[in-house]
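Architecture at a glance
What follows is each chain in one-letter form.
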Amino acid sequence: ETGVTQSPTHLIKTRGQQVTLRCSSQSGHNTVSWYQQALGQGPQFIFQYYREEENGRGNFPPRFSGLQFPNYSSELNVNALELDDSALYLCASSTTPDSNQPQHFGDGTRLSIL
Amino acid sequence: AQSVTQLDSQVPVFEEAPVELRCNYSSSVSVYLFWYVQYPNQGLQLLLKYLSGSTLVKGINGFEAEFNKSQTSFHLRKPSVHISDTAEYFCAVSVNQGAQKLVFGQGTRLTINP
C-alpha cells in the first residue's frame, strides 16, 4: 500500500513568485487536506478537497488555491509569495471527509522564501 | 471555534522512565481527539484516536491516552520510554461539522536522556 507522497521535498523561492506543490493520496483515499506548519508551531488547516471540489477552508487568503484531480491527487498553489509563507506544507489524505476518519500525512514540502 | 492547548512545550525524561504529555481542548460541541507524532524531517504519524466508547485508548508504540470529558483533557502516557521515542508530539481535535479539519496544539518536544 503506497502512502501519501509529496513533491518536491524542498523548494526555494523569492518574494512575489508563485509556487505549486503536489500530493498523491494514499491508495483508496478520496479526500485530501493541506496544512501549513510554521517552524516551532502545530500544523494549520489550509483547505480540503473531496471529489475535486473544495470542501472547506481555513483562515488563509485567496492567493492560496488548490486543485484535486480525478485520480484524487492534489495541488496547492500559492501566488505572490511572502516571507511568512516559509513553512513545511503537509498533505494528508483520508478514506472519506468524515471528521472521525484519521488523516494520513505525507512527509511534506519545505518551502523557503528569500 | 475549537482550540487545543499542550501544556508543556518540552518534556525531558530519562530512558525507561514513565512520561505524560498533557493536552486540554476547548469546544462547544462534541469532538474527536487524536495524537500524532512527528520525527525529524518527517510528516505526522497517527499514534491513537478517541472517537467514542471507552475513555482509555491504546495506540501504537506502547502509548495510551485517556479522554476526560469533565476536564476536557486527553493526556498521552507511556509507562517506559525509549530513546526512539524522541520526537514532537501533537494533540489535535476535529468536530463533526463542516469540513474534516484538524485543529492542532503547539506540540510537545519529548527528549529522552540515556
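Above this text is the structure in question.
Since we're looking at a predicted model, the values are computed, not measured. (Residues numbered from 1 in each chain as written. Chains lettered and ligands numbered in written order. Predicted model: local features only at pLDDT ≥ 70, side-chain atom pairs only at ≥ 80, totals over all residues. Heavy atoms only, no water.)

Scanning chain A from terminus to terminus reveals 0 helices and 11 strands. Walking chain A from its N terminus toward its C terminus, one meets helices and strands in the order β-β-β-β-β-β-β-β-β-β-β. Dimensions of chain A, computed from the C-alpha atoms along their principal axes, are close to 40 × 25 × 25 Å. Taking all contacts inside chain A whose residues are at least 6 apart in sequence as the whole, residues at least 24 apart take part in 53%. Counting every atom, chain A has about 5400 Å² of accessible surface; 45% of that belongs to carbon and sulfur. When the 7 positive and 10 negative side-chain charges of chain A are each reduced to one mean point, those points stand 8 Å apart. (Helix = DSSP H or I, 4+ residues; strand = E, 2+ residues; numbered from the N terminus. Contact = heavy atoms within 4.5 Å. Areas by Shrake-Rupley, 256 points an atom, 1.4 Å probe, with all protein chains shown as cover. Lys, Arg positive; Asp, Glu negative; His and termini not counted. Charge placed at Lys NZ, Arg CZ, Asp CG, Glu CD.)

Right, let's get into the environment of Ser54 of chain B. All names here are of chain B. Along the polypeptide, Ser54 turns up in the loop between strand 6 (44–50) and strand 7 (56–58). On the basis of relative accessibility, which here comes to 53%, the residue Ser54 falls in the exposed class. Separated by 43 residues in the primary sequence, Ser54 and Gln97 place their C-alpha atoms 23 Å from one another. At a separation of 3.4 Å, a polar atom in the side chain of Ser54 contacts the main-chain carbonyl oxygen of Leu56. (Buried < 20%, exposed > 50% of the residue type's maximum accessible area, 1.4 Å probe, protein only. Polar contact = N/O pair within 3.5 Å; in protein donor to acceptor, adjacent residues only side chain to side chain.)

Quick look at the pairing of strand 5 (residues 44–50) of chain A now. Residue and element names in this part refer to chain A. Summarising burial for strand 5: 5 of the 7 residues are buried, a large majority. In the sheet, strand 4 (residues 31–37) pairs with strand 5 via 6 bridges, with the strands oriented antiparallel. Among the inter-strand pairings, Thr31 is bridged to a residue of strand 5, identified as Tyr50. What sits between the antiparallel neighbours strand 4 and strand 5 is a turn of 6 residues, in which Gly40 has the positive phi angle 75°. Relative to strand 6 (residues 53–57), strand 5 runs antiparallel, the two being bridged by 3 bridges. Following the sheet pairing, Phe47 is matched in strand 6 by Arg57. In sequence, strand 5 turns back onto strand 6 through a hairpin of 2 residues, with Arg51 there showing a positive phi of about 50°. (Pairing = 2+ DSSP bridges.)

One covalent bond between the sulfur atoms of two cysteine residues makes up a disulfide. Throughout the structure, instances matching the rule amount to 2 disulfides over all chains. One disulfide bridge connects Cys23 of chain A with Cys91 of chain A, the sulfur atoms lying 1.8 Å from each other. Disulfide Cys23 of chain A to Cys91 of chain A: torsion about the S-S bond roughly -60°, handedness left-handed. Remark: Cys91 of chain A occurs in strand 9 (residues 87–94) and Cys23 of chain A occurs in strand 3 (residues 19–24); sequence separation between them is 68 residues. For Cys23 of chain B, the disulfide goes to Cys91 of chain B, at an S-S distance of 2.0 Å. (Disulfide = S-S within 2.5 Å.)

A word on the interface of chain A and chain B. Taken together, the contacts link 26 residues of chain A with 22 residues of chain B. Looking only at chain A, the three residues that lose the most surface to chain B are Ser99, Asn100 and Phe105 of chain A, adding up to 31% of its buried area. At the boundary of chain A and chain B, one finds 0 salt bridges. Remark: the boundary between chain A and chain B carries 7 residue pairs in polar contact (both at pLDDT 80 or more). Those elements that provide at least two residues to the side of chain A that touches chain B are strand 4, strand 5, strand 6 and strand 9 of chain A. Residues of the side of chain A that touches chain B, tallied by class, amount to 8 nonpolar, 16 polar and 2 charged. (Buried area = accessible area lost by both parts, 1.4 Å probe. Salt bridge = Lys/Arg side-chain N within 4 Å of Asp/Glu carboxyl O. Nonpolar A, V, L, I, M, F, W, Y, C, P; charged D, E, K, R; others polar.)

Turning our eyes to something else, we now look at the pairing of strand 9 (residues 73–78) of chain B. Residues and elements named next belong to chain B. Most of strand 9 is tucked away, with 5 of its 6 residues classed as buried. Two elements, strand 3 (residues 19–21) and strand 9, share 3 bridges in a ladder whose sense is antiparallel. Within the sheet, the bridge partner assigned to Glu20 lies in strand 9 and is Arg77. As paired elements, strand 8 (residues 64–68) and strand 9 share 5 bridges and run antiparallel to each other.

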